[in-house]
Amino acid sequence: MSRRAVQQGFVLPMTLWILAAITIAASYFALRVHQALDLARQQQLHVEALLDVSDTRAALLFRLASTPMTVRGLGVGADLLVLDNRPYRTDQGYVQLQDARGLLNLATFGDEQMDRLLGSFDIPPPRRSGLTDKLRDYIDADNLKRLNGAEEPEYRSRGLPPPRNAPLLSSEELRAILDWSDEATLWKPGRTVSDFCIIGDDSGINPNTAPAEVLMTLPGMTKELVAWVMERRKIEPVDVALLDRLAGTGLIQIPPIVVAFPGSNLRVTQQSDGLNWALRYNVRLTPRGNVSPWQISAFHRIERNLVDPRASNHSEIRPLPALPNQPASAPLRPFG
């Protein structure tokens, strides 16, 4: 065999190897480019989702500062926003507004109220009193331990931070109280005990915005009466005097136990289709404030709760009023 033939026989495999290497390299770089483009698209969707949350929050704050509160909710007629935590659709997600008077106030709750709320989570009576005592010990200023409570020694023995002995900063802080986080039924996805509690300065429970679990904490309330309230308020606001007669107790007291008008505090929950978490925060209306007509507190990222499209079936809500010299805000409409 001539030398030329040998060289040609060697060049052909080398050429094939080089072509294979080039093909592999091209495929690798194509894959990386595809991954980079996919990552860029995901980041773009993430940014758009964050902008949707921010824009919705700005539109809500503007409406809160410029729209009158009524017994039915925020605004009137077709512009009405009902404050019973029903979901309203935004461009890329949905928002829920909950009147603080529809929740159990952790700054003013009674032991019997907390016992009934814990009972709605199927907590046995003996454990309810223990949880309530531990909550009381956590928020009171002294170090004296209640019968079923817990102070610093009990927390230290479990390797936990000691109680702050101060009022709770938010309802999410309930998880930090001894034994509370161990009760699995209190923290089921989509229905946690913190969903029904809030920190605020509003007194009384609003029967027109409270969920069934909170209505059951009122004295004299039964499941049948709660069901009646939930259906009646779809037609017209529930009258406190009528509810007092039906419950057979003294709901009309000083300070009032029941107040059929929204308070100055709201809990807002926002979700965006492009985010795997939800944002929850409290808004306190301060129309006479020196800085702004509202204060925002207790920002939390919470687990996203997919809303049943059938959960809200209300008439279309018009677009929010536009700010001066600004384009119209994205409309809020019932979810579904």
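Residues numbered from 1 in each chain as written. Predicted model: local features only at pLDDT ≥ 70, side-chain atom pairs only at ≥ 80, totals over all residues. Heavy atoms only, no water.

Some remarks on the packing of aromatic side chains
Going through the model one piece at a time under the given rule, you end up with three aromatic pairs. Centre to centre, the rings of Phe 121 and Phe 196 are 5.9 Å apart; their planes meet at 70 degrees, and the pair counts as edge-to-face. One end of the pair, Phe 121, is in the loop between α2 (111–119) and α3 (125–139); the other, Phe 196, is in the loop between β7 (191–192) and β8 (197–198), and 75 residues separate them in sequence. Phe 121 sits in the buried class, given a relative accessible area of 1%. For the ring pair Tyr 281 and Phe 299, a centre distance of 5.0 Å and an interplane angle of 25 degrees mean the geometry is stacked. Taken as a pair, Tyr 281 in strand β10 (residues 277–285) and Phe 299 in strand β11 (residues 294–303) lie far apart in primary sequence, 18 residues in all. A cation sits over an aromatic face here: Arg 57 above Tyr 281, 5.9 Å from the ring centre. (Phe/Tyr/Trp six-rings, centres within 6.5 Å; stacked < 30°, edge-to-face > 60°. Helix = DSSP H or I, 4+ residues; strand = E, 2+ residues; numbered from the N terminus. Buried < 20%, exposed > 50% of the residue type's maximum accessible area, 1.4 Å probe, protein only. Lys NZ or Arg CZ within 6 Å of the ring centre and 35° of its normal.)

Some thoughts on the pattern of salt bridges
Counted according to the given criterion, the structure contains 19 salt bridges. The salt bridge involving Asp 137 is made with Arg 146; its shortest N-O contact spans 2.8 Å. In this structure, the salt-bridge partner of Asp 195 is Arg 280, at a minimum N-O distance of 2.9 Å. Pair noted here: Asp 195 is in the loop between β7 and β8 and Arg 280 is in strand β10, with a separation of 85 residues, a long-range link. Overall, Asp 195 belongs to the buried group, its relative accessible area being 17%. Note on Arg 280: relative accessible area 10%, which makes it buried. Overlapping salt bridges bring together Lys 134, Arg 158, Asp 179 and Asp 182 as one network. (Salt bridge = Lys/Arg side-chain N within 4 Å of Asp/Glu carboxyl O.)

Some details on the pairing of strand β9 (residues 265–272)
Within a regular strand, the side chains alternate between the two sheet faces. Judged by how many residues are buried, β9 sits mostly within the fold: eight of eight residues are covered. Here β9 shows a buried face lined by Asn 265, Arg 267, Thr 269 and Gln 271 and a second buried face lined by Leu 266, Val 268, Gln 270 and Ser 272. Examined bridge by bridge, β9 and β10 share seven bridges and lie antiparallel to one another. If you follow Gln 271 over to β10, its bridge partner there is Ala 278. Connecting β9 to the next strand, β10, in antiparallel fashion are four residues. (Pairing = 2+ DSSP bridges.)

Focus: the packing of α2 against α3
A pair of packed helices is captured by two measures, namely the crossing angle of their axes and the spacing between those axes. Across the interface, α2 lies against α3 with an axial gap of 10 Å and an inter-helix angle of 130 degrees. Between α2 and α3, the angle is such that the two are oblique. Read as a crossing pair, α2 and α3 show a hand that is right-handed. Contacts between α2 and α3 involve Asp 111, Met 114, Asp 115, Leu 118 and Gly 119 from the first element and Arg 128, Leu 131, Thr 132, Leu 135 and Arg 136 from the second. Looking at side-chain class alone, the contact of α2 with α3 contains four nonpolar, two polar and four charged residues. (Axes fitted to C-alpha atoms, helices over the stretch in contact; angles between N-to-C directions. Parallel < 35°, antiparallel > 145°, perpendicular 65-115°, else oblique. Left-handed = near helix turned anticlockwise from the far one by under 90°. Contact = heavy atoms within 4.5 Å. Nonpolar A, V, L, I, M, F, W, Y, C, P; charged D, E, K, R; others polar.)

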